[in-house]
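# Tertiary structure, described
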Amino acid sequence: MTNQFQNIGAWQKAHGFVLLVYRATKSFPDFEKFGLGSQFQRAAVSIPANIAEGYKKLSRADKLRFYNIAQGSLEECRYYIILSKDLGYIDEKGYNQLAVSVEETSKLLNAYCKGVVDNNFGNPL
């Protein structure tokens, strides 16, 4: 059991994904600064932020609500990765890097949620 959200593998992977998103969106066209780039960044940041917030919630239902919000933001990012590639804002290498990272984050987050459901895992008390 961990006593800090930073020690959760899903949070660590999500944080790494955010860093990749910021690097990728840095090269988006200027007119996307307040469009897709900003939306992509906000959705990405929502993933580890909601994991962190859910970590300190006392009830299993509260924890899972925040983790589910993180899962929703993750799926939103999965679409932004596809859209960014289709618009030519990221190349094949960037696409693959983001797609692998979001998939790894998804697997860890899903496993963490399952642990909370099955074992009350992740309870900070």
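Each remark here, short or long, concerns the structure printed above.
Summarised in this report is the structure supplied together with it.

Turning our eyes to something else, we now look at the packing of aromatic side chains. Per the counting criterion, the structure on display carries five aromatic pairs. Relative to Trp-11, the ring of Phe-5 has its centre 5.3 Å away and its plane inclined at 70 degrees; by these criteria the two rings are edge-to-face. Here the aromatic residues Phe-40, Tyr-79 and Tyr-80 are joined through ring pairs into a cluster of three or more. We note Lys-63 situated over the ring of Tyr-55; from NZ or CZ to the ring centre the distance is 5.6 Å. The aromatic ring of Tyr-95 is capped on one face by Lys-85, whose charged end is 5.3 Å from the ring centroid.

Right, let's talk about the packing of helix H2 (residues 36–55) against helix H3 (residues 60–86) for a bit. The interhelical angle for the contact between H2 and H3, taken along N-to-C directions, is 155 degrees, at an axis separation of 8 Å. One way to sum up the angle between H2 and H3 is to call them roughly antiparallel. As H2 runs across H3, the sense of the crossing is left-handed. Grouping the amino acids of the contact of H2 with H3 by side-chain chemistry returns 16 nonpolar, six polar and three charged.

Below, the discussion takes up the nonpolar core. By size, the foremost hydrophobic cluster in this structure holds 32 residues, and its most contacted members are Phe-17, Phe-40, Ile-47, Ile-51, Tyr-67 and Leu-98. The set of elements that each furnish at least two residues to this core consists of helix H1 (9–25), H2, H3 and helix H4 (92–119).

Before going further, it helps to spend a moment on H1. With 17 residues, H1 extends 24 Å between its outermost C-alpha atoms, agreeing within 8% with the 24 Å of an ideal straight helix rising 1.5 Å per residue. Here H1 has its buried residues at Ala-10, Trp-11, Ala-14, Phe-17, Val-18, Leu-20, Val-21, Ala-24 and Thr-25. Residues of H1 that are buried in the fold lie against H2, H3 and H4.

With that settled, the discussion passes to the packing of H1 against H2. Here H1 crosses H2 at 165 degrees, and the two axes come no closer than 9 Å. Accordingly, the angle class assigned to the pair H1 and H2 is roughly antiparallel. Here H1 runs over H2; the crossing is left-handed. For the pair H1 and H2, contact is made by Ala-10, Trp-11, Ala-14, His-15, Phe-17, Val-18, Val-21, Tyr-22 and Thr-25 and by Gly-37, Phe-40, Gln-41, Ala-44, Val-45, Ile-47, Pro-48, Ile-51 and Ala-52, respectively. Broken down by class, the residue content of the contact of H1 with H2 amounts to 14 nonpolar, four polar and no charged.

Rules of the game
Residues numbered from 1 in each chain as written. Predicted model: local features only at pLDDT ≥ 70, side-chain atom pairs only at ≥ 80, totals over all residues. Heavy atoms only, no water. Phe/Tyr/Trp six-rings, centres within 6.5 Å; stacked < 30°, edge-to-face > 60°. Lys NZ or Arg CZ within 6 Å of the ring centre and 35° of its normal. Axes fitted to C-alpha atoms, helices over the stretch in contact; angles between N-to-C directions. Helix = DSSP H or I, 4+ residues; strand = E, 2+ residues; numbered from the N terminus. Parallel < 35°, antiparallel > 145°, perpendicular 65-115°, else oblique. Left-handed = near helix turned anticlockwise from the far one by under 90°. Nonpolar A, V, L, I, M, F, W, Y, C, P; charged D, E, K, R; others polar. Core = buried A, V, L, I, M, F, W, Y, C linked by side-chain atoms within 4.5 Å. Buried < 20%, exposed > 50% of the residue type's maximum accessible area, 1.4 Å probe, protein only. Expected span 1.5 Å × (residues − 1). Contact = heavy atoms within 4.5 Å.

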